[in-house]
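Structural description and commentary
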Amino acid sequence: MIQGLADLNHSRATWRWVIEGVVTTQNATPISNLLRTPNPLYPKDNRLQRGLFYFSNMNLNFGAYNLKRTGCRLSKELHTMCAERFIPALSLANFMRDTGYRLLRRAFTILGVLFAFPLICRAQVLAPPGVVVNHLAASTKTYIGSPSLVVLWTGEYLASHDIFGPGGESNTTLIFASGDRGLTWTKRAEVKGAFWSTLFVNGSSLYLIGPNKEHGDLVIRRSEDDGASWTSPRGPHQGLLLEGGKYHSAPTATLLFGGKVWKAMEDEGGEGGWGKHFRAFMISCSMNNDLLEASNWTSTNKIALTPDWLDGKFGGFLEGNAVFTLDGKILDILRVEHPSDDEYAARLEISEDGKKADFKPDTGFFHFPGGAKKFTIRYDLSTKLYWSIVNYVPKANRVGKPNPTRNTLALVSSKDLIQWDFRGILLQHPDAVSHAFQYVDWQFDSKDIIAVSRTAFDDPTGGAHNFHDANFLTFHRFTNYKKTKITPFP
């Protein structure tokens, strides 16, 4: 372990600087982010300096992110060495330059190359890309699922995820908050009786909608204090919307359109096992009504599969998106379970009054990159395009069914929801067995797209259990999405 501590009196403030190799704690920024120059996750507002050491030939930034005025506590273990929170950093290199210690600065630079670089290389293996919002070690037998992301009217970000696996009860959702555009995150609430749930804002209120447990009743909660506390769905007048069935959903787009809130759902009332037993439907409610009152909601009929769809290889549809078309119609666009490398999605047409769902199998299936995995579709008024972040499988990596291959995230867009264009690879890892960036939920944020991912990645305890049983919730900022160019799918 390389550790240097010095107290520097500068502008009547005492500063402590720390050189360290690995940052993997919940509130710390992964060191892999620090190695990218420039780092799009950090605004250029002088809150963070580029680094203690800078090597133009290596694009290496190191050290100054971990400055802290007081109370710096370091773990004895290399892999958990961190600063608990960051403050505006004083660049030691600049301090030395300004005070004339050029020889000393060069000596520190050489030491940094000789001793710090191997540690940083190791850190890249241990830390996933992006900002770690939460981490659950595989040894706990609890895993991270169902990421959801919302931007409050105050500009604060809220992210949520549920917990599944044999070590948990599959009925709990954790909520985290960031007041600095995703740089750091703190836990805000733990909600019991919430699973596969989605955050959304309607008016001045924040909502969380989804089953109360795995295959449970459908409930909705409201928060008036930015997610710190929530209503309890004790009955049909307090948020218990549908009971007595086995309901399923995912954090896909909850649509506010035509004066209504629209949410795509499934139940498990069909024939067959996983996938085949899902029946798709849509619920809706006037935006001006009390969303916690069950009688204010309308539900469509439920669409079950027919075994001969897609030449008898259709394995079910699930995790639908409520999406509007440019001519004012409402669609439910769903993930499709199918073994083809040319993945599919399905589109159900929803009546204007929200009472009828219709599916035409001859025209309702269409090729969609990453369609065998969960995706979220949103419309952007500025580009007049639909956008999605998908688990596309490049042609060179296609082995077996596409469903388990989630180690690549790609950005795609469409003018009509049928033909989709490739805009670029956002995240990728060469291994698909124990690594994944999946179930991404995202939002537009000015010129950027911000996202949260259910991420399976290496960690100091041995990494994820497998690609599906994720050990991280990570936050990502993808800058200047409007400037991306359409290129052929790789």
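From a predicted model like this one, the values you see are computed outputs, not experimental measurements.

Cut-offs and rules
Residues numbered from 1 in each chain as written. Predicted model: local features only at pLDDT ≥ 70, side-chain atom pairs only at ≥ 80, totals over all residues. Heavy atoms only, no water. Helix = DSSP H or I, 4+ residues; strand = E, 2+ residues; numbered from the N terminus. Buried < 20%, exposed > 50% of the residue type's maximum accessible area, 1.4 Å probe, protein only. Contact = heavy atoms within 4.5 Å. Areas by Shrake-Rupley, 256 points an atom, 1.4 Å probe, with all protein chains shown as cover. Phe/Tyr/Trp six-rings, centres within 6.5 Å; stacked < 30°, edge-to-face > 60°. Lys NZ or Arg CZ within 6 Å of the ring centre and 35° of its normal. Core = buried A, V, L, I, M, F, W, Y, C linked by side-chain atoms within 4.5 Å. Pairing = 2+ DSSP bridges. Axes fitted to C-alpha atoms, helices over the stretch in contact; angles between N-to-C directions. Salt bridge = Lys/Arg side-chain N within 4 Å of Asp/Glu carboxyl O. Polar contact = N/O pair within 3.5 Å; in protein donor to acceptor, adjacent residues only side chain to side chain.

With that out of the way, let us pick up the overall build of the protein chain. Within the protein chain one finds 4 helices and 30 strands. Counting the 490 residues in the protein chain, one finds 57% classified as buried. Restricting the contact set of the protein chain to residue pairs at least 6 apart, pairs at least 24 apart contribute 57%. When the accessible surface of the protein chain is totalled, it reaches about 20900 Å², and 51% of it is carbon and sulfur.

Attention now moves to the packing of aromatic side chains. What the rule picks out here adds up to 29 aromatic pairs. Plain terms: the ring middles of F437 and F457 are 6.3 Å apart, the flat faces sit at 40° to each other, and that makes the pair tilted. Remark: F457 occurs in the loop between β29 (448–456) and β30 (472–478) and F437 occurs in strand β28 (residues 436–445); sequence separation between them is 20 residues. In this structure F437 comes out as buried when scored by relative accessible area, which is 1%. Members of the aromatic cluster, joined through ring pairs, are W309, F314, F317, F359 and F365. Above the plane of the ring of F281 lies K302, whose end atom (NZ or CZ) is 4.7 Å from the centre. When the ring centre of Y439 is taken as reference, the NZ or CZ atom of R454 above it lies at 4.5 Å.

Attention shifts here to the nonpolar core. Ranked by internal contacts, the top residues of the largest apolar core, which has 40 residues, are F317, I333, F365 and I377. The contacts of I333, once residues within four sequence positions are left out, are E319, G320, N321, V323, A345, A346, R347, F366, F375, I377 and L417.

Where strand β26 (residues 408–414) meets strand β27 (residues 420–428), 7 bridges bridge the pair, whose relative direction is antiparallel. Among the inter-strand pairings, S413 is bridged to a residue of β27, identified as D421. Linkage of β26 to β27, two consecutive antiparallel strands, is achieved through a turn of 5 residues, within which L417 is found at a positive phi near 70°.

Here the focus is the sheet that holds strand β7 (residues 157–164). What holds strands together in a sheet is hydrogen bonding between their backbones, with the strands either parallel or antiparallel. Across the sheet, which stays open at both edges, the 4 strands sit in the order β6-β7-β8-β9 with antiparallel pairing between neighbours. Looking along the sheet, the strands with just one partner apiece sit at the ends: β6 (143–151) and β9 (186–192). In this sheet, neighbouring strand axes are inclined to one another by 20° on average, regardless of whether the strands run parallel or antiparallel. Looking at chain direction, β6 and β7 are connected through 7 bridges and run antiparallel.

A separate point is the environment of K447. As for its placement among the helices and strands, K447 is situated in the loop between β28 and β29. Given a relative accessible area of 55%, K447 falls into the exposed group. In contact with K447, other than residues within four places in its own chain, are T479, N480 and Y481.

Bringing unusual backbone geometry into the picture now. Located in the positive-phi region is S146, a residue other than glycine, with phi close to 50°. Take S146: it is sitting in strand β6. Classification of S146 as buried rests on a relative accessible area of 6%. Residue S170 is not a glycine yet carries a positive backbone phi of 55°. Its location among the elements puts S170 in the loop between β7 and β8 (172–178).

Before going further, it helps to examine the pattern of salt bridges. Counted under the stated rule, the structure contains 15 salt bridges. When the shortest N-O distance is used, the salt bridge between D441 and R378 registers 3.1 Å. In this pair, D441 is assigned in strand β28 and R378 in strand β24 (residues 376–380), connecting sequence segments 63 residues apart. By the burial criterion, D441 is buried, and R378 matches it. Among the ionic pairs, D448 bridges to R477, the shortest N-O distance being 3.2 Å. A residue pair is termed long-range when its members are at least 10 positions apart, and D448 in strand β29 and R477 in strand β30 qualify at 29 residues. Judged by its relative accessible area of 10%, D448 is buried.

As a further point, take the side chain of E343. Summarising the element assignment, E343 is placed in the loop between β20 (330–336) and β21 (344–350). Looking at E343, its side chain comes within polar contact range of the main-chain nitrogen of G371, at 3.3 Å. Within the structure, the side chain of E343 is placed 3.0 Å from the side chain of K373, a separation counted as a polar contact. If near-sequence neighbours (up to four positions away) are discounted, E343 is found in contact with F366, H367, F368, G370, G371, A372, K373, N391, V393 and P402.

Our next topic: the sheet that holds strand β11 (residues 205–211). Taken in spatial order, the 4 strands of this open sheet run β10-β11-β12-β13, and their pairing is antiparallel. Each edge of the sheet is formed by a strand with only one pairing partner; in this case those strands are β10 (198–202) and β13 (240–242). The mean angle between the axes of side-by-side strands here comes to 30°, regardless of whether they run parallel or antiparallel.

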